[in-house]
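Fold and contact review
Chain by chain, the residues run as shown.
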Amino acid sequence: MTAWDQVVELLSSPLMQRALLAAILVGAAAPVVGTFLVQRRMALMGDGIGHVALTGVALGWLVGSWAGLVPQDTLALPGAVVAAVVGSIVIELVRERGRTSGDLALALMFYGGIAGGVLLIKLAGGTNANLISYLFGSISTVSSADLWWTVGLAVLVLTLGVGLRTALFAVSHDEEFARASGLPVRLLSMLVATIAALTVTIAMRVVGLLLVSALMIVPVAIAQLFARSFGRTMMLASVVGVVVSIAGLVLTYWQDIPPGATIVVLAILVYAVTATLQPLLRRPAPPRDPHPDMVDDVLLVDDVTDDGPLSRPAPTA
Amino acid sequence: MSTPVIEATGLGVTLGGQPILDGIDLSVPAGEVLALLGANGSGKSTLVRTLLGVVPRTSGEVRLFGAPLGPSAPWHRIGYVPQRLPAAAGVPATAYEVVSSGLLHGRTLRPPRGHRRRALAALDDVGLGDRAFQRVQEMSGGQQQRVLIARALVRDPDLLVLDEPTSGIDIPTQATFVDTVSRLHDAGTTVVVILHELGPFAPLIDRAVVLRHGRVAHDGAPPRARDEHAGEWHDHTHAHPDPEPPRTGPSLSVEVNP
Ligand SMILES: Nc1ncnc2c1ncn2[C@@H]1O[C@H](COP(=O)(O)OP(=O)(O)O)[C@@H](O)[C@H]1O
Ligand SMILES: [Mg+2]
């Protein structure tokens, strides 16, 4: 069988088609959100949301079993969406109120989220094993319904993240200036938090809640080794996200290895290799005067101002 | 009489349980260049931040161009230059991207038509045209300051607010600031500038407001440049330590140009 035949076989499996589509969308969307999170120094926010989402999964499961739904986990994804959005808004409110108490509050949410999930799943008549697929991903079990959720949410996240990138950049880069410009800072911060929550829930099926954050952050870490601008960082991170997601998934088609972990390990390997080679890969800057617009003679500010305005150097100096 | 550009009455601000500003009344007419003076910690930055809605006020009223603070204020007419760029985050940003963010204000959440040309022109104006696509994180303090002016000027403001534009800044950048302010002043722009000492700005200043412990201690003609160092609000920035000023006599002495 030639390599081409193998590719054709891979692409003709409906299961693989669904998994690939989900992986591409999640791989593209997660780093877009991750770029804003890194800029806001909230790289761990995805992790926090992921932990809280586990409680949502279990809660959805519990409600499903009360309502006698079949299968029991019908409401797991909606439950995760609700818990993640609520959790992300709480995290954002904590951040807004200052950092000192925020650290502790976040830690409480991390642990509460996991413990709550484990407890609730037991109450729902399930076992911890039921949670494993959410914690570590189960892309091979993506159903058509899941896929539509993923497509819808990923398109929403990409549209908002890319369409409002200048405004989201503005509040993330300099919140004080954004306020002094009358921008709806709070609304935009909540928007970043909410699209982060939505991304966590769609990435849950691909890499699992415990590894969601890696897919949001590691491609950004790779991209900013090379990109000069915020826009380029976002674009490059998104491309890296798609490439490692496809590569990881395709590897698992031939090797019996877990796709979520494979994708994340691939991303980290790419980071390690590029970070090591980066000094060689980056175009060397042409040699030039690093301060071409500085006066070469040392001129002390006090020398000028102490003598009054008359001796002020001409502004063209 | 036309509406004042800034109209604040009975402004009070409490931060961290401490009263920072108290009973501030300030009215700035159109076209004026107002210097805001005062010792370190007297509340100058807090005052301009409150006027622009960055810091919430505990009491009082603020009107900008006659409109109360809020979504309906004419944000496109206001340019703010903070003291410095916030500490660099992990993600790189170019000067062009930072200046472009100045084109957003109020409910304008996407850059308007022709934003690229406007951002590049604003960078050209501050002498950074050739560095537009350089990371701001890699620029010197003076260059970063100029990026911040370009970000404020890119929206063609009618009110420019500058927070200590000259402290710790290289001479060419100081010159850029003075140049910019005098050009804007000639064009009728209202300017509020926080200064440590009048320095090279002295010839441009129409009026000075001096804050002390969060209250207005003086409002009127700017202190005479030659005797500037005699003013009690003046903070020395020399290398030698400050002698403690005597706490006797009148609490304020202002010398006014004839
Ligand atoms: N966010 C804050 N929380 C508590 N105190 C603050 C805050 N911001 C400023 N202050 C205090 O308010 C006072 C005035 O600060 P500021 O307006 O920056 O003074 P200035 O600009 O005149 O040097 C200082 O004593 C400062 O410590
Ligand atoms: Mg200050």
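Above this text sits the structure in question.
Right, let's walk through the structure included here.

With respect to the pattern of salt bridges
Tallied over the full model, the rule gives 13 salt bridges over all chains. We note a salt bridge from A:R40 to A:E92, for which the minimum N-O separation is 3.6 Å. Remark: A:E92 occurs in helix α4 (residues 76-96) and A:R40 occurs in the loop between α2 (14-39) and α3 (45-66); sequence separation between them is 52 residues. Here A:R40 and A:E92 have matching classes, each one buried. Across the pair A:D174 and B:R151 runs a salt bridge whose closest N-O atoms are separated by 3.1 Å. Of this pair, A:D174 sits in the loop between α8 (165-173) and α9 (175-180) while B:R151 sits in helix α4 (residues 141-153), which puts the two residues in different chains. B:R151 carries the same exposure label as A:D174, and that label is buried. Residues participating in the shared-partner salt-bridge network are A:R40, A:E92, A:R95, A:E175 and A:R179.

Re the packing of helix α10 (residues 185-207) of chain A against helix α11 (residues 212-223) of chain A
Residue and element names in this part refer to chain A. At a minimum axis separation of 8 Å, α10 and α11 run at an interaxial angle of 110°. By the angle between their directions, the pair α10 and α11 is classed as roughly perpendicular. On α11, the residues that touch A196, T199, V200, A203, M204 and V207 of α10 are V212, L215 and M216. Looking at the contact of α10 with α11, its residues break down into eight nonpolar, one polar and no charged.

Here we look at the pairing of strand β1 (residues 6-15) of chain B
A regular strand places its side chains on the two faces of the sheet in alternate fashion. Residues and elements named next belong to chain B. Where β1 meets strand β2 (residues 18-28), seven bridges bridge the pair, whose relative direction is antiparallel. Its bridge partner lying in β2, E7 is registered against S27. Sheet analysis places β1 next to strand β4 (residues 59-64), joined by five bridges and oriented antiparallel. Looking across to β4, one finds that A8 is bridged to V62.

Observations regarding the side chain of B:H105
Tracing the backbone shows B:H105 in the loop between α2 (95-101) and α3 (115-125). Here B:H105 falls in the buried class, since its relative accessible area comes to 15%. When sequence neighbours within four positions are dropped, the list of residues in contact with B:H105 reads A:S181, A:L183, B:W75, B:H76 and B:R155.

Observations regarding the packing of aromatic side chains
Using the criterion set out here, one finds four aromatic pairs over all chains in the structure. Between A:F169 and A:F230, the ring centres sit 4.9 Å apart and the planes meet at 55°, which makes this aromatic pair tilted. Of this pair, A:F169 sits in helix α8 while A:F230 sits in helix α12 (residues 230-254); the two residues are 61 residues apart in sequence, bridging distant segments of the chain. The buried category is assigned to A:F169, whose relative accessible area is 3%. Take A:F230: its relative accessible area is 3%, and that puts it in the buried class. Taken together, the aromatic side chains of A:F36, A:F169 and A:F230 make up a single cluster linked through ring pairs. Its end group placed over the ring of B:Y96, B:R116 keeps NZ or CZ at 5.4 Å from the ring centre. Over the aromatic face of A:F177 sits the side chain of B:R151, whose NZ or CZ is 3.6 Å from the ring centroid.

Criteria and thresholds
Residues numbered from 1 in each chain as written. Chains lettered and ligands numbered in written order. Predicted model: local features only at pLDDT ≥ 70, side-chain atom pairs only at ≥ 80, totals over all residues. Heavy atoms only, no water. Salt bridge = Lys/Arg side-chain N within 4 Å of Asp/Glu carboxyl O. Helix = DSSP H or I, 4+ residues; strand = E, 2+ residues; numbered from the N terminus. Buried < 20%, exposed > 50% of the residue type's maximum accessible area, 1.4 Å probe, protein only. Axes fitted to C-alpha atoms, helices over the stretch in contact; angles between N-to-C directions. Parallel < 35°, antiparallel > 145°, perpendicular 65-115°, else oblique. Contact = heavy atoms within 4.5 Å. Nonpolar A, V, L, I, M, F, W, Y, C, P; charged D, E, K, R; others polar. Pairing = 2+ DSSP bridges. Phe/Tyr/Trp six-rings, centres within 6.5 Å; stacked < 30°, edge-to-face > 60°. Lys NZ or Arg CZ within 6 Å of the ring centre and 35° of its normal.

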